[in-house]
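# Secondary and tertiary structure notes
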Amino acid sequence: MKTSARNQFSGIVGQVTAGAVNDEVTIETDGGAQIVATVTHDSASRLGLKAGARAVALVKATSVIVMVDADANKVSARNVVDGKVTALTKGAVNADVTITGSNGLAVSAIITNNSVDRLGLAVGSAAAAMFKASSVIVGIDG
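Just so we're clear, the structure is a prediction, and the values are computed from it rather than from any experiment. (Residues numbered from 1 in each chain as written. Predicted model: local features only at pLDDT ≥ 70, side-chain atom pairs only at ≥ 80, totals over all residues. Heavy atoms only, no water.)

### A closer look at the sheet that holds strand E3 (residues 34-40)
The cut-off we apply is this: For two strands to be treated as a pair, DSSP must find no fewer than two bridges joining them. Where helices and strands are cited, they refer to DSSP runs of H or I of at least four residues and of E of at least two residues respectively, numbered from the N terminus. With axes taken as lines fitted to C-alpha atoms, and helix axes fitted only over the stretch in contact, angles between N-to-C directions fall between 0 and 180 degrees.
Spatially, the 5 strands line up as an open sheet ordered E3-E2-E1-E4-E10, and their pairing is antiparallel. Strand pairing shows two members of the sheet lacking a second neighbour, E3 and strand E10 (137-139), which therefore form its edges. Neighbouring strand axes in the sheet, compared pairwise and without regard to direction, differ in orientation by 45° on average. Bridge count for strand E1 (residues 7-17) against strand E2 (residues 22-29) is 6 bridges, and the pairing is antiparallel. Its bridge partner being in E2, Ile12 is matched across the sheet by Glu28.

Below is the structure:
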């Protein structure tokens, strides 16, 4: 599957919690991380999302929030990858930042250069990437 989403995490559906309108889907990535997505019940049914099914979680880099000194228990985002900045490229206005967690999951974020400077981000510095479950698009092959 080719998409424009910078963050593509392949894995196995671990759990689907059904709701009246939305379902919560947990995907265990091939690297052992967990991604939580919220999709409509209709979409989960149409895609055949159930425990054991292969799936891909897609997250646009512009949907990722970067924090330093993050406490995952104090944010509403379901997906938090705590790690280190492993790549940083500044452009004219925005920067491309990659944060890699201790589990090897690498998350790319597009943030302003001002935010890079204000947060003191540099390759090797501690940071967290976070995104809401509703920002995750779930896909399957086929």
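### Digging into the environment of Asp82
Selection criterion: Remark: exposure states derive from per-residue accessible area (1.4 Å probe, protein chains only) relative to the maximum for the residue type, with buried under 20%, exposed over 50%, and partly exposed in between. Two residues form a contact once any of their heavy atoms are found within 4.5 Å.
Inspection of the secondary structure assignment puts Asp82 in strand E6 (residues 79-90). On the accessibility criterion, Asp82 (52% relative accessible area) is exposed. Remark: the alpha-carbon pair of Asp82 and Ala128, spanning 46 residues in sequence, is separated by 4.3 Å. Setting aside residues no more than four positions away along its own chain, Asp82 makes contact with Gly101, Ser102, Ala127 and Ala128.

### Details of the domain arrangement of the protein
Quick note on the threshold: Domain delimitation in this document rests on an assignment produced automatically or drawn from a domain database. The term buried area denotes the loss of accessible surface (1.4 Å probe radius) that occurs when two parts are joined, taken as the sum for both partners. A pair is scored as a salt bridge if a Lys or Arg side-chain nitrogen falls within 4 Å of a carboxyl oxygen belonging to Asp or Glu.
Entries for the protein in the domain assignment read domain 1 (7-60 + 133-140) and domain 2 (61-130). For domain 1 versus domain 2, the distance between C-alpha centres works out to 23 Å. Opposite the 14 residues of domain 1 that make contact, domain 2 presents 11 residues. In this assembly, domain 1 packs against domain 2 so that about 950 Å² is buried in total across both faces, 49% of it on carbon and sulfur atoms. When the buried area of domain 1 at its contact with domain 2 is split by residue, Asn7, Phe9 and Lys60 rank highest and sum to 44% of it. For the pair domain 1 and domain 2, the interface holds 1 salt bridge.

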